[in-house]
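Architecture and fold: a report
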Amino acid sequence: GEPAARALTAIGSPVAIEAVKKWRQEQFSKRAANEHLDISDLTGELDQTEFFEEQGSKLVMTLINQLQTGEWDQRMQAAKALREYARKADASVSATIQARLVTLLQEDDWMVRWASVEALAWHNHNASFEPLVTCLKDNNWMVVVATVNALVERKAAAASKAISELRGHSHENVREVAIEALGKLGDEQVQHVIVDTYRNDPSEFVRLAAIVAIKRFGLESAMDVLLKAAYDTSSYVRWEAVFTLSDCQYKRVVPILIDKLEDQSRPNWEAKRVCDFAAEGLSQFDLPEAQEALREWEHRASMS
């Protein structure tokens, strides 16, 4: 069985490899004949390059069938295996299969569309770019999120404008992921969208994503937003802004850091407070006002 196959693979001789290859092909042929196969049985096959070259199409069709007709847990297993196959498959095989995955983007079942997007994320073929961009308008927010992540995985900066249009999406998770993506893709033409999102979005997590995203364009570009964010109503946003400003050498941040010495808030998962970062930032400035404020803050801390 599988332990023997792995042992022979470790040996690595031509005879051993050929034997394992033949055994895997036989095992897959038997399993693929079942209407609903157990995806966990495919672990060995998913590790074999030779398997992709000779059995890839059969595997994909079997997984797609299970994705479309299986029970919920079977469908989730099929989606996971399809994504794993796409991640590991040889590029020439995936080029043959991608046309089928693209057609699945039109299915009525959102899970089929979602699984197809996740699989297409791993291969940067031009033929699937526009169909993926179209999925940014899908009526299911999970499909939209998966599409944004797929385009980021493909480093598809050309999709930045289309992604930027999600800033007005009704679902908070979509807006958050979209803004994160714009930062990662780094298209300066949509930088203003990140700034506008920070200024106008009601969600603290979307605004936090905007702060993280704008920093990717350089501190100078982010400075005005960071200075404003230091006074945000959300402690998460203030923490991120002051954390960044604490490592900044611009004198214009000194008054802000002095103010933030009074801010003792922090995210629940962080040990340091906003004021701790403000103190660290002020310690870098050899300015009378910075040093005096820092001494007073340290004195008050020692008395409490």
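The model shown is predicted, which means the values in this text are computed figures rather than measured ones. (Residues numbered from 1 in each chain as written. Predicted model: local features only at pLDDT ≥ 70, side-chain atom pairs only at ≥ 80, totals over all residues. Heavy atoms only, no water.)

Topic: the packing of aromatic side chains
Tallied over the full model, the rule gives six aromatic pairs. Seen from their ring centres, W110 and W114 are 6.3 Å apart, and the 50 degrees between their planes marks the pair as tilted. Here the residue W110 and the residue W114 both occupy positions in helix α7 (residues 110–120), the gap between them amounting to four residues, near one helical turn. When its relative accessible area of 26% is taken as the criterion, W110 is described as partly exposed. A relative accessible area of 13% means that W114 is categorised as buried. Centroid distance F205 to Y236: 5.5 Å. Interplanar angle 35 degrees. Geometry classified as tilted. Taken as a pair, F205 in helix α13 (residues 204–215) and Y236 in helix α15 (residues 235–245) lie far apart in primary sequence, 31 residues in all. Look at F205 and you get partly exposed, because its relative accessible area is 33%. In this structure an aromatic cluster arises from ring pairing among F205, Y236 and W269. (Phe/Tyr/Trp six-rings, centres within 6.5 Å; stacked < 30°, edge-to-face > 60°. Helix = DSSP H or I, 4+ residues; strand = E, 2+ residues; numbered from the N terminus. Buried < 20%, exposed > 50% of the residue type's maximum accessible area, 1.4 Å probe, protein only.)

Examining the environment of D109
Mapped onto the fold, D109 is located in the loop between α6 (91–104) and α7. Of the residues examined, D109 reaches a relative accessible area of 24% and is grouped as partly exposed. In this structure the C-alpha to C-alpha distance between D109 and Q68, which are 41 residues apart in sequence, comes to 8.1 Å. A polar atom in the side chain of D109 sits 2.9 Å from the backbone nitrogen of M111. (Polar contact = N/O pair within 3.5 Å; in protein donor to acceptor, adjacent residues only side chain to side chain.)

Looking at the nonpolar core
Counting residues in each nonpolar core, the largest one holds 92 residues, and the members touching the most others are L151, I163 and L245. A total of eight residues in this core trace back to one element, the largest contributor, which is helix α9 (residues 141–153). Those residues within four positions of L245 in sequence are excluded, and the remaining contacts are M223, L226, L227, A230, V253, I256 and L257. (Core = buried A, V, L, I, M, F, W, Y, C linked by side-chain atoms within 4.5 Å. Contact = heavy atoms within 4.5 Å.)

Description of the environment of E172
As for its position among the elements, E172 is in helix α11 (residues 172–185). Residue E172 is classed as partly exposed on the basis of its relative accessible area of 31%. In this structure the C-alpha to C-alpha distance between E172 and P202, which are 30 residues apart in sequence, comes to 9.3 Å. Setting aside residues no more than four positions away along its own chain, E172 makes contact with S203, F205 and V206. At 2.9 Å, the side chain of E172 and the side chain of S203 are in polar contact.

Description of α15
Of all the 11 residues making up α15, nine are buried; the element is thus mostly covered by neighbouring parts of the structure. Taken together, the buried residues of α15 touch α12 (191–200), α13, α14 (219–229), α16 (254–260) and α17 (274–282). Capping of α15 at its N-terminal end is provided by S234; its side-chain oxygen lies 3.2 Å from the backbone amide nitrogen of Y236.

Some words on the packing of α9 against α11
As a packed pair, α9 and α11 sit with axes 10 Å apart at the nearest point and diverge in direction by 5 degrees. The pairing of α9 with α11 is recorded here as roughly parallel in orientation. Packed against α9, whose contacting residues are W141, V144, V145, V148, N149, L151 and V152, the element α11 presents N173, V174, V177, A178, A181, K184 and L185 at the interface. A per-class count over the contact of α9 with α11 returns 11 nonpolar, two polar and one charged. (Axes fitted to C-alpha atoms, helices over the stretch in contact; angles between N-to-C directions. Parallel < 35°, antiparallel > 145°, perpendicular 65-115°, else oblique. Nonpolar A, V, L, I, M, F, W, Y, C, P; charged D, E, K, R; others polar.)

Quick look at the pattern of salt bridges
Using the criterion set out here, one finds 14 salt bridges in the structure. Between K215 and E240 there is a salt bridge, with its nearest N and O atoms 2.6 Å apart. Residue K215 is located in helix α13, and its partner E240 is located in helix α15; the two are separated by 25 residues in the primary sequence. According to the relative accessible area criterion, K215 is partly exposed, its value standing at 25%. For the salt bridge of R252 with D224, the shortest nitrogen-to-oxygen distance reads 3.0 Å. Pair noted here: R252 is in the loop between α15 and α16 and D224 is in helix α14, with a separation of 28 residues, a long-range link. Judged by its relative accessible area of 41%, R252 is partly exposed. Residue classification places D224 among the exposed residues on the basis of a relative accessible area of 53%. Each of R238, K260 and D263 takes part in a single network of salt bridges with overlapping partners. (Salt bridge = Lys/Arg side-chain N within 4 Å of Asp/Glu carboxyl O.)

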